[in-house]
Amino acid sequence: MGDNIAATNHHHQVFNVSIDVPSQNGSKCFDDDGRLNRTGTVWTASAHIITAVIGSGVLSLAWAIAQLGWVAGPAVMFLFSFVTYYTSSLLTDCYRTADPVSGKRNYTYMDAVRSILGGAKVKACGLIQYLNLFGIAIGYTIAASISMMAIKRSNCFHESGGNNPCHMSSNAYMILFGVMEIFLSQIPDFDQIWWLSIVAAVMSFTYSAIGLALGIVQVAANGAFKGSLTGISIGTVTQTQKIWRSFQALGDIAFAYSYSVILIEIQDTLKSPPEESKTMKKAAKLSIAVTTAFYMLCGCMGYAAFGDFAPGNLLTGFGFYNPFWLLDIANAAIVVHLVGAYQVFCQPIFAFVEKQVAESWPDGYFLSKEFKIPVPGLLPYKLNLFRLVWRSCFVILTTVISMLLPFFNDVVGILGALGFWPLTVYFPVEMYIAQKKITKWSTRWMCLQMLSMACLVLSIIAGAGSIVGVVNDVKAYTPFKTTY
């Protein structure tokens, strides 16, 4: 996914109401909304999108293509890239309300929904985004713990010369990840640390590039491309399993392309003239082309290397055993990336709950009282009891759910299905129709609605396949006792 914390450091604003800034008319240092001049270009916007999109979602693409085969796999990936680009183009026209040059700016995705659609759709959009973020926190806990465990297992394989199966549980690593996140969740404005996005970009490109390189090396070692035109063979799985796994693969691919919620925030960094929407369309086209090419390479080379047995997570499924030190570097990069990404994606949930509680009980001692704790060499840390308890409980909840359902592929599929239709397709289409005042039942209106309905069907199919995957995994699973 679109899970990279380099999704610009604006990500925490996704649900915030935009702030009215006093006008600075007459100054060349300020834009028309009174904010400092924006300096972004098509290149900086493209870089933001690429680093936002390429993340842990890339790790499941080889498995997804293995379910679909050499024909349907790349075709589905192109389909999702085209739909994502098209709806992104619609969304860019919603950055300014009414007029594309002088209309009121919308600083976030939610601002656009609020100003253009309003009413119940704002609450529906917020609910879907919060559910998606909650699911992402669970997915990241699973992915990070599996990568930590993979480092231990790869070293075990190496030391035993491959004779020891090195079975172990991921529970201890999930608990370790949870403890780290409890501490980090107490850092105010963690997502605003300036070097966070740089670290995220370096880490995500590191493990993605290592996965690609290992796939290419494995294909060279095999001397041939594995796989078939129609995907995983009947016999390896049953006919019914093949159908459901193909549906789940749609969710995995959709998850890899989910970045719409931060597109308007990236657009808000662009200078004008030219119109921000024109620049953003060019950036979307360039970045999605680059991302799709990279995804094709990673997914196709992984499938070519392992065929029907492509692992659900390319770097932890132990299709690769050597060089073990390179696998360790890749998995360490995943852990570092996801430790920070977890906090960035949870910040909107933290902020929303704390704001609601503060408004409901403004004078509550437990809610407002802060205790200053001296920190040697730094400013005193302000400890808030409610923040400590609430954020710790949230992390514990996501950790426990992850331990109950430690299925990376299934969770990724569900997240992709949950977020794709409403956030990538439905709201951009509805905002565009309202913004451009497209007549109901006109040819253009009908085409946009058919696109939306087709994507809804895709999301339902992908969600059903992922849920069936969870059900099948649970049948052979004992809570808190599963080993890898």
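On a predicted model such as this, the values are computed, not experimentally measured, just so you know.

Before going further, it helps to examine the overall build of the chain. Secondary structure assignment for the chain yields 14 helices and 4 strands. Counting the 484 residues in the chain, one finds 54% classified as buried. Entry remark: accessible area of the chain is about 20700 Å², with carbon and sulfur atoms responsible for 70%.

Relative to the helices and strands, Val237 resides in the loop between α6 (196-222) and α7 (239-256). Classification of Val237 by relative accessible area gives buried; the value is 6%. Val237 sits 71 residues away from Asp308 along the chain, and the two C-alpha atoms are 9.5 Å apart. Filtering out sequence-adjacent residues up to four positions away, Val237 remains in contact with Ile232, Lys242 and Arg245.

What follows is about the nonpolar core. Counting residues in hydrophobic clusters, the biggest one holds 123 residues, and the most contacted among them are Ile253 and Tyr295. Residue contacts for Tyr295: discarding those within four places in its chain leaves Val53, Ile54, Val58, Leu61, Met77, Ala256, Tyr257 and Cys300.

This brings us to the pattern of salt bridges. If the charged atoms of two oppositely charged side chains come close together, the side chains can form a pair. This structure, assessed with the given rule, holds 6 salt bridges. With its nearest N and O atoms 3.2 Å apart, the salt bridge here joins Arg105 to Glu276. Of the two residues, Arg105 is situated in strand β2 (residues 104-105) and Glu276 in helix α9 (residues 276-306); the sequence distance between them amounts to 171 residues. Arg105 gets classed as buried once you look at its relative accessible area, which sits at 4%. Classification of Glu276 by relative accessible area gives buried; the value is 2%.

This part covers unusual backbone geometry. Residues other than glycine seldom take positive phi values, yet Lys437 does so here, at roughly 55°. You can see Lys437 is positioned in the loop between α13 (408-436) and α14 (443-475). Even without glycine at this site, Trp441 takes up a positive phi of about 70°. For Trp441, the position within the fold is in the loop between α13 and α14.

The next point concerns the packing of helix α2 (residues 61-92) against α7. Taken N-terminus to C-terminus, the directions of α2 and α7 make an angle of 55°; their axes are 9 Å apart at the nearest point. With respect to each other, α2 and α7 are oriented oblique. For the pair α2 and α7, the sense of crossing is right-handed. On α7, the residues touching Leu61, Trp63, Ala64, Gln67, Leu68, Val76, Met77 and Phe80 of α2 are Lys242, Arg245, Ser246, Gln248, Ala249, Leu250, Asp252, Ile253, Ala254 and Ala256. Of the residues in the contact of α2 with α7, the class split is 12 nonpolar, 3 polar and 3 charged.

To continue, consider the environment of Phe247. For Phe247, the location among the structural elements is in helix α7. Phe247 sits 219 residues away from Ser466 along the chain, and the two C-alpha atoms are 7.3 Å apart. Discounting chain neighbours no more than four positions away, the residues touching Phe247 are Ile461, Ala462 and Gly465.

A word on helix α5 (residues 171-184). The end-to-end C-alpha separation of α5 is 20 Å, in line with the 20 Å expected for 14 residues at 1.5 Å each. When α5 is considered as a whole, its buried residues turn out to be Asn171, Tyr173, Met174, Phe177, Gly178 and Glu181. The buried residues of α5 occupy an angular sector of 160° when projected down its axis, which confines them to one face. When the buried face of α5 is taken as reference, the exposed residues oriented beyond 90 degrees from it are Ala172 and Phe183.

On the surface, Ile396, Val400, Leu404, Leu405 and Val474 cluster together into a nonpolar patch covering about 340 Å² of accessible area. Sorting elements by how many residues they give to the nonpolar patch places helix α12 (residues 385-404) first, with 3 residues. Within the secondary structure, Ile396 is located in helix α12.

Attention shifts here to the packing of aromatic side chains. A complete count under the given rule lists 16 aromatic pairs for this structure. Taking 4.9 Å as the distance between ring centres and 65° as the angle between the ring planes, the aromatic pair formed by Phe80 and Phe420 counts as edge-to-face. Pair noted here: Phe80 is in helix α2 and Phe420 is in helix α13, with a separation of 340 residues, a long-range link. Joined through ring pairs, the aromatic side chains of Phe134, Phe350, Trp390 and Phe394 make up one cluster.

As a note on interpretation, predicted positions should not be read in detail where pLDDT is low. Taken residue by residue, the chain gives an average pLDDT of 81. The fraction at 70 or more is 88%. Of the regions scoring below 50 in pLDDT, residues 5-26 engages in 65 contacts with residues more than four places distant in sequence or in other chains.

Orientation of helix α3 (residues 109-116) relative to α13, taken along the N-to-C sense of each, is 40°, at an axis distance of 10 Å. Relative to α13, α3 is oriented oblique. The two elements α3 and α13 meet at a crossing, and its hand is left-handed. Along its contact with α3, which presents Tyr109, Ala112, Val113 and Ile116, the element α13 presents Pro422, Leu423, Phe427, Pro428, Met431, Ala434 and Gln435. Partitioned by chemical class, the residues of the contact of α3 with α13 number 10 nonpolar, 1 polar and no charged.

Rules used in this analysis
- Residues numbered from 1 in each chain as written.
- Predicted model: local features only at pLDDT ≥ 70, side-chain atom pairs only at ≥ 80, totals over all residues.
- Heavy atoms only, no water.
- Helix = DSSP H or I, 4+ residues; strand = E, 2+ residues; numbered from the N terminus.
- Buried < 20%, exposed > 50% of the residue type's maximum accessible area, 1.4 Å probe, protein only.
- Areas by Shrake-Rupley, 256 points an atom, 1.4 Å probe, with all protein chains shown as cover.
- Contact = heavy atoms within 4.5 Å.
- Core = buried A, V, L, I, M, F, W, Y, C linked by side-chain atoms within 4.5 Å.
- Salt bridge = Lys/Arg side-chain N within 4 Å of Asp/Glu carboxyl O.
- Axes fitted to C-alpha atoms, helices over the stretch in contact; angles between N-to-C directions.
- Parallel < 35°, antiparallel > 145°, perpendicular 65-115°, else oblique.
- Left-handed = near helix turned anticlockwise from the far one by under 90°.
- Nonpolar A, V, L, I, M, F, W, Y, C, P; charged D, E, K, R; others polar.
- Expected span 1.5 Å × (residues − 1).
- Arc of directions from axis to C-beta.
- Patch = residues over 30% accessible without salt bridge, like charges linked within 9 Å, V, L, I, M, F, W, Y side chains within 5 Å.
- Phe/Tyr/Trp six-rings, centres within 6.5 Å; stacked < 30°, edge-to-face > 60°.
- pLDDT = per-residue confidence, 0-100.

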